[in-house]
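Take a look at the letters that make up each chain.
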Amino acid sequence: MMGGASPPAGYRPGARGADVTDQHSSPLPGRVRSDIAHNARVWNHWLGGKDNYPVDRTVGDRVTAMYPSIGEVARADRAFLGRVVRHLAGDVGIEQFLDVGTGLPTADNTHEVAQHTAPDARIVYVDNDPIVLSHARTLLTSSPEGATEYIEADARDPERILRALEPTLDLTKPVAVMMLGILNFVLDTEEARGIVRTLMDAMPPGSRLVLTHPTLELGGEGNEAAMRFWNENATPPITARSRAEFATFLEGLEIAEPGIVSCARWRAEPGSGTAEVAQFGAVARKR
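Residues numbered from 1 in each chain as written. Predicted model: local features only at pLDDT ≥ 70, side-chain atom pairs only at ≥ 80, totals over all residues. Heavy atoms only, no water.

The set of residues buried in helix H8 (residues 223-233) consists of Asn223, Ala226, Met227, Phe229 and Trp230. Take H8 and look down its axis: the buried residues cluster within an arc of 160°, on one side only. Those residues of H8 that are buried are in contact with strand S1 (37-38), helix H1 (39-46), helix H2 (54-66), strand S6 (208-214) and strand S7 (234-235). (Buried < 20%, exposed > 50% of the residue type's maximum accessible area, 1.4 Å probe, protein only. Helix = DSSP H or I, 4+ residues; strand = E, 2+ residues; numbered from the N terminus. Arc of directions from axis to C-beta. Contact = heavy atoms within 4.5 Å.)

This is the structure in structure tokens:
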């Protein structure tokens with residue numbers, strides 16, 4: 001149902017982080033609401049994390065009952081991120097990453113995967129969730145050779161994001177723009193396309209666009225009722241898109257093999273036996 005980056009993205013079981021319901025944990029920003037489920041925290045619950053409230057667990061468990069494969073989607077989206085970043089940092093040689101919709105920090109964040117391959121890689125994270133902000137400032141630390149920065153901004157304001165990138169990123173050199181599970185929170189497709197175009201127009205040739213997005217295709221038809229329940233009981237609202245709609249985000253770019261596929265199948269390890277999930281994934285190059 002949900003996307004994979006943030007608002008979503010989350011902890012894997014046993015990942016770092018304090019339970020937000022723990023009275024001894026650090027106080028959270030005043031903007032945090034504990035009376036309504038929020039996708040970043042529900043996604044965290046699905047991945048076995050502790051940074052969520054009872055309302056998040058209640059709604060998340062109800063969605064799981066309606067669409068049991070949602071946990072597989074969450075794990076597949078996270079694994080896709082790792083494979084893509086390793087490919088781009090290692091095989092392609094890209095050393096700059098813009099991760100829009102960071103989500104709650106977990107093991108194997110974008111900067112950790114990239115800097116493991118390229119220690120001098122530079123990463124900018126973007127999110128507007130107060131819980132994400134409080135964790136990011138503590139956990140998203142860089143290698144000595146590289147750089148990691150966090151921008152508090154909304155994906156719907158790409159101009160603001162672009163203004164804040166320098167000096168961390170050098171926009172004369174290729175950048176990998178990561179938008180995993182974020183465009184599904186922009187309900188108007190034309191607005192979502194505009195966000196992608198604005199960001200990619202500012203990037204130099206050789207840059208990459210990395211996307212995942214939930215769909216009612218690829219066996220996701222059973223997710224429709226779960227999405228409807230989510231939109232009535234949690235925030236922010238979400239939408240699925242077809243393959244044709246997803247493809248419009250990649251217009252004008254060169255789509256890398258194997259094209260638009262289930263994110264679980266994008267360059268999966270041979271013999272991994274990974275099951276297909278109802279979440280598109282793709283990587284495309286700016287000429």
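On to the nonpolar core. In terms of nonpolar packing, the biggest core is built from 87 residues, with Phe97, Leu98, Leu165, Val177, Met179, Met203 and Leu209 touching the most fellow members. In terms of residues, this core owes the most to one element, helix H3 (residues 70-92), which gives ten residues. Beyond its immediate stretch of four places on either side in the chain, Leu165 contacts Leu98, Val124, Ile151, Leu171 and Met203. (Core = buried A, V, L, I, M, F, W, Y, C linked by side-chain atoms within 4.5 Å.)

A few words on the packing of H1 against H2. Relative orientation of the contacting elements H1 and H2 amounts to 65°, with a least axis distance of 9 Å. Note that H1 runs across H2; the crossing there is right-handed. Contacts between H1 and H2 involve Arg41, Val42, His45 and Trp46 from the former and Val55, Asp56, Arg57, Gly60, Asp61, Val63 and Thr64 from the latter. Taken together, the residues of the contact of H1 with H2 break down into four nonpolar, three polar and four charged. (Axes fitted to C-alpha atoms, helices over the stretch in contact; angles between N-to-C directions. Left-handed = near helix turned anticlockwise from the far one by under 90°. Nonpolar A, V, L, I, M, F, W, Y, C, P; charged D, E, K, R; others polar.)

Further remarks concern the pairing of strand S5 (residues 176-180). Within S5, five of the five residues are buried, which leaves it mostly tucked inside the rest of the structure. Burial along S5 is two-sided: Ala176, Met178 and Leu180 facing one way and Val177 and Met179 facing the other are all buried. In this structure, strand S2 (residues 96-100) lies alongside S5, joined through three bridges in parallel fashion. Each residue of the ladder has a partner; that of Leu98, found in S5, is Val177. As paired strands, S5 and S6 are joined by five bridges and run parallel to one another. Note that in S6 the partner of Ala176 across the bridge is Arg208. Viewed along the sheet, the connection from S5 through helix H7 (residues 189-201) into S6 turns out right-handed. (Pairing = 2+ DSSP bridges. Right-handed = clockwise from strand over helix to strand, strands pointing away.)

So, about the packing of aromatic side chains. Evaluated as defined, the whole model comprises four aromatic pairs. Seen in terms of ring centroids, Phe80 and Trp266 are 5.7 Å apart; in terms of plane orientation they differ by 75°. Their pairing is edge-to-face. Taken together, the residues span a long stretch of sequence, with Phe80 in helix H3 and Trp266 in the loop between strand S9 (261-262) and strand S10 (279-285) at a distance of 186 residues. The interplanar angle of 35° and the centroid separation of 5.5 Å between the aromatic rings of Phe246 and Phe280 together place this pair among those described as tilted. One end of the pair, Phe246, is in helix H9 (residues 243-248); the other, Phe280, is in strand S10, with 34 residues separating them in the sequence. Phe280 carries the same exposure label as Phe246, and that label is buried. (Phe/Tyr/Trp six-rings, centres within 6.5 Å; stacked < 30°, edge-to-face > 60°.)

A separate point is the side chain of Lys286. Mapped onto the elements, Lys286 comes out in the segment after S10. One buried charge, Lys286, has no salt-bridge partner; the nearest side chain with opposite charge is Asp201, at 5.1 Å. A polar contact of 2.7 Å, which involves the side chain of Lys286, links it to the backbone oxygen of Met200. Discounting residues that sit within four places of it in the chain, Lys286 has contacts with Met200, Asp201, Ala202, Met203, Pro204, Pro205, Gly206, Ser207 and Leu253. (Lys, Arg positive; Asp, Glu negative; His and termini not counted. Salt bridge = Lys/Arg side-chain N within 4 Å of Asp/Glu carboxyl O. Polar contact = N/O pair within 3.5 Å; in protein donor to acceptor, adjacent residues only side chain to side chain.)

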